[in-house]
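Examining the three-dimensional arrangement
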Amino acid sequence: MKLLTHNMLTSHVKGVVKGYPLVIKATEVKVNELEFNAQFVSRMIPKLEWSALIQAAEWLGQSQDLPSTLIPNYENDEEFLRKVHRILLEVEVIEGCLQCPESGREFPISKGVPNMLLDEGE
Amino acid sequence: MSCRRPEHMAPPEVYYNEEEAKKYSQNSRIMEIQTQMSERAVELLSLPEDQACYLLDVGCGSGLSGDHLSEVGHYWVGVDISTAMLDVALRREVEGDLVLADMGQGMPFRPGTFDGCVSISALQWLCNADKKTHSPPKRLYRFFSSLYSTLARGARAVFQIYPENSEQLELITAQAMKAGFTGGLVVDYPNSSKAKKFFLCLFAGVSGVLPKGLESEATGRGVSSQAQFTAQRSRFKNMRGKSVKKSKDWVVEKKERRRRQGKDVRADTKYTGRHRRPHF
């Protein structure tokens, strides 16, 4: 599970109001290399919950001097975009779980795939 | 060729076991068909050119459609209910991120996340109740409403489907409309039973122009291969087959009816049912 996906994932259990952001408890993390696309990263930044991203990076020990608030004029800052690219697309949680901040319900992650299957009534 | 529909045999997470999943990485015919349909679905998405988009692949399975999305330069998240199929996708090292989920339970993503959605041969699985507690209309609605919310304004969702019958199609489109989508069905090669393909094209937040279905060169009959539905009622056709009240057609029909009843009716002239100025 990449952190870009994590930034978008939310608990969809019925009745849960604040199922975001899901707390990451990772037991295995991998870093891959992926081709850098500045345009895509730049376009995705406004869609992100920046604070959730920073927090996720911290949980994985991958903060790497990312600013806690978005810098203005980031579209032209390639160094910054590359850092964002790395944290969004190159860092992956392989094993662990995601925990709902409201209910505490856990969604396990196995082989990099989060299990979002709900039980009857959820 | 077997006439049985897979969704009648078992729920998807059971049907798509390891043996079935293997076909999606070994059977070249299956792979070719899936790839072709993925290409057509992306075409129908009409995404802005030369822009890498963030897409959702519903029922991504072994990642065949996802591979095409990656090839065109898009980033994607795939959702599927079968662990066996997702295992194949992992082995094939697809570039998209995978999520194990049941589409009938809703899409677990924040509002406005995706630039578009594709789904190849998956939606018909929602139309069958695999458990006693399943209600297909409820599951369809939960899926479509959550999808509507998670798509960016103006985004499209394209579903390649194998509708069993018109009732199933109506069930699907009714729930999609209820969830706020507009759009319609695009039919490619409507006259070829082998090549015929159905693509449900849905628009989130804006009314779009429905793309034209592909026609084989031999037809040329100009058969309409689209069925568009919108959130607005049609002003021109009454669902019960009668003309809209007070239109020229209605006036002419009513006069005929009264003649049949033996009543005295003025002859029809070029002024019959003519549109009058508002003060009338």
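Quick summary incoming for the structure in this document. (Residues numbered from 1 in each chain as written. Chains lettered and ligands numbered in written order. Predicted model: local features only at pLDDT ≥ 70, side-chain atom pairs only at ≥ 80, totals over all residues. Heavy atoms only, no water.)

1. A word on the overall build of chain A
When its secondary structure is counted, chain A shows 4 helices and 4 strands. Element order for chain A, N to C, with α for helix and β for strand: α-β-α-α-α-β-β-β. Computed over the C-alpha atoms, the radius of gyration of chain A is 15 Å, within 12% of the 14 Å expected from 2.2 N^0.38 for a compact globule of 122 residues. Counting only C-alpha atoms, chain A reaches 50 × 30 × 20 Å along its principal axes. For chain A, the proportion of its 122 residues judged to be buried stands at 51%. Across chain A, every contact between residues at least 6 apart in sequence was considered, and the portion connecting residues at least 24 apart equals 68%. Measuring between centres, the 12 positive side-chain charges of chain A sit 3 Å from its 18 negative side-chain charges. (Helix = DSSP H or I, 4+ residues; strand = E, 2+ residues; numbered from the N terminus. Rg over C-alpha atoms; globule rule 2.2 N^0.38 Å. Buried < 20%, exposed > 50% of the residue type's maximum accessible area, 1.4 Å probe, protein only. Contact = heavy atoms within 4.5 Å. Lys, Arg positive; Asp, Glu negative; His and termini not counted. Charge placed at Lys NZ, Arg CZ, Asp CG, Glu CD.)

2. Description of the environment of B:Ala267
Residue and element names in this part refer to chain B. Tracing the chain through its elements places Ala267 in the segment after helix 8 (248-260). The spacing of Ala267 and Ser247 is 20 residues in sequence and 18 Å in space, taken between C-alpha atoms. Setting aside its immediate chain neighbours within four residues, Ala267 contacts Lys255, Arg259 and Thr272.

3. A few points about the environment of B:Tyr189
On the secondary structure map, B:Tyr189 appears in the loop between strand 6 (182-188) and strand 7 (197-203). Here the alpha-carbon distance between B:Tyr189 and B:Gly213, two residues 24 residues apart in the chain, equals 7.2 Å.

4. Thoughts on the sheet that holds strand 4 (residues 113-114) of chain A
All names here are of chain A. Within the open sheet, the 4 strands sit side by side as 1-2-3-4. Their pairing is antiparallel. Edge positions in the open sheet fall to strand 1 (23-31) and strand 4, since each of these has one partner strand only. By the bridge criterion, 8 bridges tie strand 1 to strand 2 (residues 91-99) in an arrangement that is antiparallel. Opposite Val29, over in strand 2, you have Val93 as the bridge partner. (Pairing = 2+ DSSP bridges.)

5. Section: the pairing of strand 6 of chain B
All names here are of chain B. Across the 7 residues that make up strand 6, a large majority, 7, are buried. For strand 6 and strand 7, the ladder comprises 7 bridges, and the chain directions are antiparallel. For Asp188, the partnering residue across the bridge sits in strand 7 and is Lys197.

6. With respect to the side chain of A:Ser11
Residues and elements named next belong to chain A. Its place among the elements puts Ser11 in the loop between helix 1 (3-8) and strand 1. Its relative accessible area of 8% is what places Ser11 among the buried residues. Here the side chain of Ser11 touches Val13 through a polar contact of 3.4 Å, landing on its backbone nitrogen. Here Ser11 is in contact with Val16, Gly19, Leu22, Cys100 and Phe107, once residues within four sequence places are set aside. (Polar contact = N/O pair within 3.5 Å; in protein donor to acceptor, adjacent residues only side chain to side chain.)

7. With respect to the packing of aromatic side chains
Here the structure, examined in full by the defined rule, presents 14 aromatic pairs over all chains. Seen in terms of ring centroids, B:Phe144 and B:Phe159 are 5.8 Å apart; in terms of plane orientation they differ by 75 degrees. Their pairing is edge-to-face. Here B:Phe144 is found in helix 6 (residues 136-150), whereas its partner B:Phe159 is found in strand 5 (residues 151-161), with 15 residues between them in sequence. Like B:Phe159, B:Phe144 is buried. Three or more aromatic residues joined by ring pairs make a cluster, and in this case those are A:Phe40, B:Tyr54, B:Tyr75, B:Phe109 and B:Phe114. One cation-aromatic arrangement involves B:Lys178 over B:Tyr141; the distance from NZ or CZ to the ring centre is 4.8 Å. (Phe/Tyr/Trp six-rings, centres within 6.5 Å; stacked < 30°, edge-to-face > 60°. Lys NZ or Arg CZ within 6 Å of the ring centre and 35° of its normal.)

8. Let's talk about the interface of chain B and chain A
The partner chain A presents 33 residues to the 30 residues of chain B that form the contact. In this assembly, chain B packs against chain A so that about 2600 Å² is buried in total across both faces, 53% of it on carbon and sulfur atoms. The largest per-residue losses of area from chain B upon contact with chain A belong to B:Tyr75, B:Asp97 and B:Arg110, which jointly make up 26% of the total buried on that side. Across the contact surface, chain B and chain A share 3 salt bridges. In this structure, A:Lys111 engages B:Asp87 in a salt bridge whose closest nitrogen and oxygen atoms are separated by 2.9 Å. Those elements that provide at least two residues to the side of chain B that touches chain A are strand 2 (75-80), helix 5 (83-91), strand 3 (97-100) and strand 4 (114-120) of chain B. (Buried area = accessible area lost by both parts, 1.4 Å probe. Salt bridge = Lys/Arg side-chain N within 4 Å of Asp/Glu carboxyl O.)

9. Section: the pattern of salt bridges
Taken as a whole, this structure holds 18 salt bridges over all chains when the rule is applied. Where B:Asp115 meets A:Arg43, a salt bridge forms, and the shortest distance between an N and an O atom there is 2.9 Å. One end of the pair, B:Asp115, is in strand 4; the other, A:Arg43, is in helix 2 (residues 38-44), on a second chain. In this structure, the salt-bridge partner of B:Asp268 is B:Lys255, at a minimum N-O distance of 3.0 Å. Taken together, the positions of B:Asp268 in the segment after helix 8 and B:Lys255 in helix 8 put the pair 13 residues apart, joining distant regions of the chain. Three or more residues are tied together by salt bridges with common partners; here these are B:Lys255, B:Glu256, B:Arg259 and B:Asp268.

10. Concerning helix 6 of chain B
All names here are of chain B. Counted at 1.5 Å a residue, the expected span for helix 6 with its 15 residues is 21 Å, and the 21 Å between its end C-alpha atoms agrees. Taken as a whole, helix 6 has its buried residues at Pro136, Arg139, Leu140, Phe143, Phe144, Ser146, Leu147, Tyr148 and Thr150. On its buried face, helix 6 is in contact with strand 1 (54-58), strand 4, strand 5, helix 7 (166-178) and strand 7. (Expected span 1.5 Å × (residues − 1).)

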